[in-house]
Amino acid sequence: MTKILLIEDIPDNAELVRRALSATGYELIHAADAETGLQMALAHCPDLILLDLGLPDYDGQTLAGWLREEPALNATPIIALTAWPEETVRLMVESYGFDGYICKPITKTRVFVAQINSYLKTHP
Amino acid sequence: MPAHLTIDIELVPAHHFTIEQLTAIYNQTRVDYMVPMPMNAARLAEYISTYDVDLRRSLVAVTPSGEMLGVAMLGLRSSRAWITRLGVIPNTRRHGIGQALVASLIDQAAELSINFMMLEVIKNNTPAHQLFLKFGFREIGELLILRRAPRIPPLPPIVADAERLDRLDAMDLIKRDRGIQPWTNQSESFINASEISGLRVALADGSRGWLVYQRQKFILTRFAFKTEVGDPATVAYALLSHLHYQYPRLDTHVENIQIHDPHLPAFYRIGYVEAFRRIEMWRGTPPRQFSFC
């Protein structure tokens, strides 16, 4: 089963993602901070990581750097979840080695799921 | 209840709350921010200590039933005050809570005979910016928040006589005149912070300068720098090339560099990117002794 790790500190946002992905058959696992996210990523080797840029211990950019240092996770797609302006996000995505980004708030479930599917297909 | 308030609240000194409660209200006020910057309790505690936030003079807006709706903190350093962490939870905004918090913090400073106040507001946070203008704050300039990813390979350090500095030597430099700095970059912030060290370089043409920084487990942050002789961009490039060669695996997060700082070209040249901007605002006139902060 395709496994997605969501690293997001705001419970309402995490719930929104859980609901959006509920009909896809993907398994969603969730961490609310960067350190837990790293541990869960290493323990579960997910197929895709959805990473909020604003986290309470270390931010998403720093965590992306750690994840990219881990040989087991080197090829795992990491997608930034953020409300930052697109121009800034693009800079961060390129600079920190994310594989893409999804802008918050997630308002259209179908579009969100299509984005996830597309990232999974691009990084099988 | 002040006339502008359309919701019944009491402003309670922040020291009546636990650090976990303060963290929770702070995070709740930021959930819809473009740059939310959430914190855990440990980070907020470090923030309070590093930036001399006085919880007895900081405030939480609370309803009669005890619900926390907003927070605002006050940093105090001799004859200066700093407003920070101001926020109101989204569904209770536009009821005058932010206005009440700012007015009370200004009163708190006035009680201590402090007439000079500073703050930073995220650029394009128009409601907060307007609120501060209304209370007599004026724009001083823009500040940059820069990042450099560890995956950018460091360039070989340029040839220079480079000397690593321990905390004591770094503290000696940090107390020298660097002009008026934003609160986060003032001498006291470095004195209060842990894991501070520095680097001094001298180039063959006689240029020289220094950089003081905080090295945390995964991040280089909190930079102060000065060119003593020579072109600032050249000296900064020498400093940064040595720094990143020394710590190639660390992420870098530099806050509140003034937009016209002459060292900036070196940052961009070495792979830093702009994350976002803040606007620095002041109220009152800087005290004379402030020039060495």
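Per chain, residues are indexed from 1 in the order of the written sequence. The naming scheme follows written order: chains are lettered A onward, ligands numbered 1 onward. It should be noted that, the model being predicted, local features are given only for residues of pLDDT at least 70 and side-chain atom pairs only at 80 or more, the latter also being counted only at that level, while totals for whole chains, interfaces and linings use all residues. Here the side-chain values reflect all heavy atoms present in the structure, with hydrogen atoms and water set aside.

Trainee: Before we go on, may I ask you to explain the sheet that holds strand 1 (residues 10-13) of chain B in this structure?
Mentor: One key point about sheets: their strands pair by backbone hydrogen bonds, in either a parallel or an antiparallel sense. Residues and elements named next belong to chain B. One bridge is not enough; two strands pair if DSSP finds at least two bridges between them. Secondary structure is summarised from DSSP: a helix means a run of H or I of at least four residues, a strand means a run of E of at least two, and numbering begins at the N terminus for each. Strand order in the open sheet formed by 12 strands is 1-2-3-4-5-12-6-11-10-9-8-7, with mixed pairing between adjacent strands. Only two strands of the sheet have a single partner each, and these edge strands are strand 1 and strand 7 (161-165). Pairwise comparison of adjacent strand axes, ignoring direction, gives a mean angle of 25° for this sheet. By the bridge criterion, five bridges tie strand 7 to strand 8 (residues 196-202) in an arrangement that is antiparallel. Within strand 8, the position partnered with D161 by the bridge is A202. Note on contacts: a residue pair qualifies if any of its non-hydrogen atoms lie within 4.5 Å across the two residues. Between N-to-C directions, angles span 0 to 180 degrees; the directions come from axes that are lines fitted to C-alpha atoms, helices contributing only their stretch in contact. Of the strands in this sheet, strand 1, strand 2 (59-62), strand 3 (68-77), strand 4 (80-88), strand 5 (116-122) and strand 12 (273-283) are in contact with helix 3 (residues 97-111), which crosses strand 4 at around 160°.

Trainee: Please clarify how helix 3 of chain B should be interpreted in this entry.
Mentor: Helical geometry note: an α-helix holds 3.6 residues per turn, so side chains three or four residues apart project in the same direction. Residues and elements named next belong to chain B. How far a helix is expected to stretch is found by multiplying one less than its residue total by 1.5 Å. An ideal rise of 1.5 Å per residue puts 21 Å on 15 residues; helix 3 measures up with 21 Å between its terminal C-alpha atoms. Exposure categories follow from relative accessible area, calculated using a 1.4 Å probe and restricted to protein chains: below 20% of the type maximum is buried, above 50% is exposed, and the middle band is partly exposed. Helix 3 sits mainly inside the fold: 11 of its 15 residues count as buried. All of the buried residues in helix 3 are I97, G98, Q99, A100, L101, V102, S104, L105, I106, Q108 and A109. Just downstream of helix 3 lies S113, where phi reads positive at about 60°.

Trainee: What exactly am I supposed to notice about the nonpolar core here?
Mentor: Considering soluble globular proteins, one finds that nonpolar side chains tend to be buried as a cluster. The term nonpolar core refers to a set of buried residues drawn from Ala, Val, Leu, Ile, Met, Phe, Trp, Tyr and Cys, joined through side-chain atoms within 4.5 Å. The biggest cluster of nonpolar side chains holds 54 residues, and the ones touching the most others in it are F132(B) and F137(B). The next biggest cluster of nonpolar side chains, apart from the first, holds 35 residues, and it includes L51(A), L55(A), I78(A) and I122(B).

Trainee: Where do I start with the confidence of the model for chain B in this structure?
Mentor: Note that predicted coordinates carrying low pLDDT should not be read in detail. For every residue, the predictor states its confidence as a pLDDT score lying anywhere from 0 to 100. When the pLDDT values of chain B are averaged, the result is 94; 97% of them are 70 or greater. If you check the scores for this complex, the pTM reads 0.93 and the ipTM reads 0.88.

Trainee: Is there a simple way to explain unusual backbone geometry in this structure?
Mentor: The general pattern is negative phi for most residues beyond glycine and trans for most peptide bonds. Following K104(A), the chain continues into P105(A) via a peptide bond in cis, with omega recorded as 0°. By the element assignment, P105(A) lies in the loop between strand 5 (100-103) and helix 5 (109-122). Even without glycine at this site, C45(A) takes up a positive phi of about 40°. Its location among the elements puts C45(A) in the loop between helix 2 (34-44) and strand 3 (48-52). Positive phi is not limited to glycine here, since R222(B) has a value of about 55°. Look at R222(B) and you get buried, because its relative accessible area is 12%.

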